[in-house]
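Survey of secondary and tertiary structure
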Amino acid sequence: MSLRMFLRALAIVAVASGELARTLPASLVARVTRGRAAAADRRYRGVVRALQRLGPTFVKFGQIAGTRRDALPPALCARLGTLFDDVPPMSPAAADEALRRARAEQPRLSLRSVDRTPLASGSIASVYRAVLDDGTVVALKLKRTDIDDRMRADLRLIEGMARLAARAPKMRGMPIADLIGYLSAAILGQLDFRREAEHSERLRAELAAFPEVTVPALHRGRSASNCLVFEYVPDLDARHAERLAPGVRARLAEVVLAAVNRLFFGAGFVHCDLHPGNLYLTPDARVVILDAGYCVQLPDGVRAAIGEFFARLAAGDGRRCGEIVLASAVDTGTPVDREGFIRAVADLVARTAGPDNDFDMSVFGNGVYDLQQRYGIYAASDFAFPLMSLLVVEGTVRGISPEVDFQRVGGPAPTATR
């Protein structure tokens, strides 16, 4: 282990120990005075504080892990959902250095001006308004100069800690390697700006058939490995949706559903992060989709399974839904009550989905996750994470128009029998 990683490991131990010393007494008091659930919530709040203090790698890790309600306690997932990228923007000197590196790599990145105050700032990059030498206004996404080494080192430490945790009795049977491997790949993928450039261009091409949808164009000939140059879309504001007429919002919600259907079930290309910070409505009734940093291509088998799952869900065929979830599960070597699980999923579908019910993805999804935990069933990550990204989409779509029937995101149910 290098000196840098050793010191980082010491820092992680110090943060974890300090949080444990703070949280454990409060958890014991809460256990006595308010019960087990309150004690667990104290501990989960401590986990969130520790991740926040440990920095961007751990925050992103917690954000993505928090979507796995089938594998982690729902109350912990709810707390992880409160994590945010509390990272100050790059200093002017750091931004200048990042831009100097980009210009050295890409001579065509010639600028008249760059605003000093970023439009947005996250753990990996900051975004600035700039003007090219030909007068074109653009958005510069500049990667932080030291972020690659920091995140890669942190991920190696997380993988090591996960291997130790997997030996704990309570963790036996859980697919830790599958979960950690997927999370690491997802985070590392967001560090790769060349990959993001390809995904951004593909996202724009896949959605070109929707005139109401704008994906900012990438100026590839001006971009570098640490700097992406995008078409500038002015005046993006989440409050614009509130000012549009209800009928307009309902129509745009249907447009988003159709676009997600095209990406997810048509191309098997999933934007896993369509929260309100990456999807905006404009005053002239358009949908703007940003940030292709966290996109994945579904394997053909996974795309077919998820497509059939939603089609059977819309048709009310709960038994087949249960069979599909089982087929996607990781084999942990532990016997499970397969028939009991299928019957339980069929009952859940009968109560919450199908043509005779008002469908709520979060209610249904949480019901499935509860059943998975009860029966000890863990979906493979390449099935689970894209499916759970639809929960994010549903929250965004319902924020546009609460009455939308999200069940239809999967398209019409097939008429052929299985």
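The residue numbering used here restarts from 1 in each chain and proceeds along that chain's sequence as written. Totals for whole chains, interfaces and linings use every residue, but because this is a predicted model, local features are given only for residues with pLDDT of at least 70 and side-chain atom pairs only at 80 or more, for both listing and counting. Remark: hydrogens and water are excluded; side-chain values derive from all non-hydrogen atoms of the structure.

1. Regarding the confidence of the model for the chain
The score called pLDDT rates the predictor's confidence residue by residue, from a low of 0 to a high of 100. Mean pLDDT over the chain: 85, with 92% of residues reaching 70 or higher. Two residues qualify as a contact provided that any one of their heavy atoms is within 4.5 Å of a heavy atom in the partner residue. pLDDT under 50 marks residues 412–418. Its contacts with residues more than four places away, or in other chains, come to eleven contacts.

2. Some words on the packing of aromatic side chains
Two aromatic rings, drawn from Phe, Tyr or Trp (for Trp, its six-membered ring), form a pair once their centres lie within 6.5 Å of each other, and the interplanar angle then sorts them: stacked below 30 degrees, edge-to-face above 60, tilted otherwise. In the structure shown here, the tally under the stated rule is six aromatic pairs. Look at Phe-309 and Phe-310: their rings are 5.9 Å apart centre to centre, the planes differ by 75°, and that puts the pair in the edge-to-face class. The rule is simple: take the accessible area with a 1.4 Å probe, protein chains only, and divide by the maximum for that residue type; under 20% is buried, over 50% is exposed, in between is partly exposed. Relative accessible area serves as the criterion here: at 4%, Phe-309 is assigned to the buried category. The exposure class assigned to Phe-310 is buried, which follows from its relative accessible area of 0%. Plain terms: the ring middles of Phe-359 and Phe-364 are 5.7 Å apart, the flat faces sit at 50° to each other, and that makes the pair tilted. We note that Phe-359, like Phe-364, is buried. Members of the aromatic cluster, joined through ring pairs, are Phe-264, Phe-265, Phe-309, Phe-310, Phe-359 and Phe-364. Throughout this description, the term charge over a ring refers to an Arg CZ or Lys NZ atom that lies within 6 Å of the ring centre and within 35 degrees of the ring normal. Seen from the ring of Phe-193, Lys-143 lies directly overhead, with NZ or CZ sitting 5.1 Å from the centre.

3. What about the side chain of Thr-57?
For the purposes of this entry, the term helix denotes a DSSP run of H or I that reaches at least four residues, the term strand denotes a run of E that reaches at least two, and both are numbered from the N terminus. With respect to the helices and strands, Thr-57 occurs in helix α3 (residues 56–65). With near-sequence residues (within four places) excluded, Thr-57 lies in contact with Arg-150, Met-151, Asp-154, Leu-155, Ile-158 and Ile-187.

4. A look at the environment of Val-397
Positionally, Val-397 belongs in helix α15 (residues 381–400). A relative accessible area of 1% means that Val-397 is categorised as buried. Taking the C-alpha atoms as reference points, Val-397 and Leu-257, 140 residues apart in sequence, are found 7.8 Å from one another.

5. Considering empty space enclosed by the protein
Using only the protein atoms, space was sampled on a 1 Å grid; points where a 1.4 Å probe fits but cannot get out form cavities, open sets with protein on both sides within 12 Å along at least five of seven lines form pockets, and lining residues are those with an atom within 4 Å of a point. Grid points are joined across faces, edges and corners, and a volume is the space filled by probe spheres set on the points. With the rule as written, the count across this model stands at two cavities of 30 Å³ or more. Considering only enclosed or pocket space, the largest cavity measures out at about 120 Å³ in volume. Along its surface, the largest cavity is lined by 14 residues, and Val-368, Tyr-369, Gln-372, Phe-383 and Leu-387 are the ones closest to its centre. At the level of elements, α14 (361–375) and α15 are the ones that each hand at least two residues to the lining of the largest cavity. It is α14 that contributes the most residues to the lining of the largest cavity, six residues altogether. Taken together, the residues that form the lining of the largest cavity break down as eleven nonpolar, two polar and one charged. In this structure, the second largest cavity occupies an estimated 40 Å³ of space. Around the second largest cavity, the lining residues are Val-260, Leu-263, Phe-264, Phe-269, Val-270, His-271, Leu-274, Ser-389, Leu-390 and Val-393. Three classes are used: nonpolar for Ala, Val, Leu, Ile, Met, Phe, Trp, Tyr, Cys and Pro, charged for Asp, Glu, Lys and Arg, and polar for all others, with Gly counted as polar.

6. Things to note about unusual backbone geometry
Phi is positive for Ala-285, close to 65°, though the residue is something other than glycine. Mapped onto the fold, Ala-285 is located in the loop between β8 (279–281) and β9 (287–289). Positive phi, close to 65°, is recorded for Asp-291, a residue that is not glycine. Relative to the elements of secondary structure, Asp-291 occurs in the loop between β9 and β10 (295–297). Overall, the relative accessible area of 34% leaves Asp-291 in the partly exposed class.

7. Examining the pattern of salt bridges
Here, a salt bridge means any Lys or Arg side-chain nitrogen found within 4 Å of an Asp or Glu carboxyl oxygen. Counted by the stated rule, this structure contains 30 salt bridges. Put simply, Asp-148 and Lys-143 hold a salt bridge, and the shortest N to O gap is 3.1 Å. Here Lys-143 falls in the buried class, since its relative accessible area comes to 8%. Where Arg-239 meets Asp-237, a salt bridge forms, and the shortest distance between an N and an O atom there is 2.8 Å. Relative accessible area serves as the criterion here: at 16%, Asp-237 is assigned to the buried category.

8. Things to note about the nonpolar core
Counting 110 residues, the largest nonpolar core has Leu-207, Ile-289, Ile-306, Phe-310 and Leu-313 as its most contacted members. For this core, the element with the highest residue contribution is helix α10 (residues 246–267), accounting for eleven residues. Ignoring any residue separated from it by four or fewer positions in sequence, one finds Ile-306 in contact with Phe-264, Phe-265, Leu-298, Phe-383 and Leu-387. Ala-98, Ala-130, Leu-132 and Val-138 belong to the second largest nonpolar core, which has 16 residues in total. Side-chain atoms within 4.5 Å link the members of a nonpolar core, which is a set of buried Ala, Val, Leu, Ile, Met, Phe, Trp, Tyr and Cys residues.

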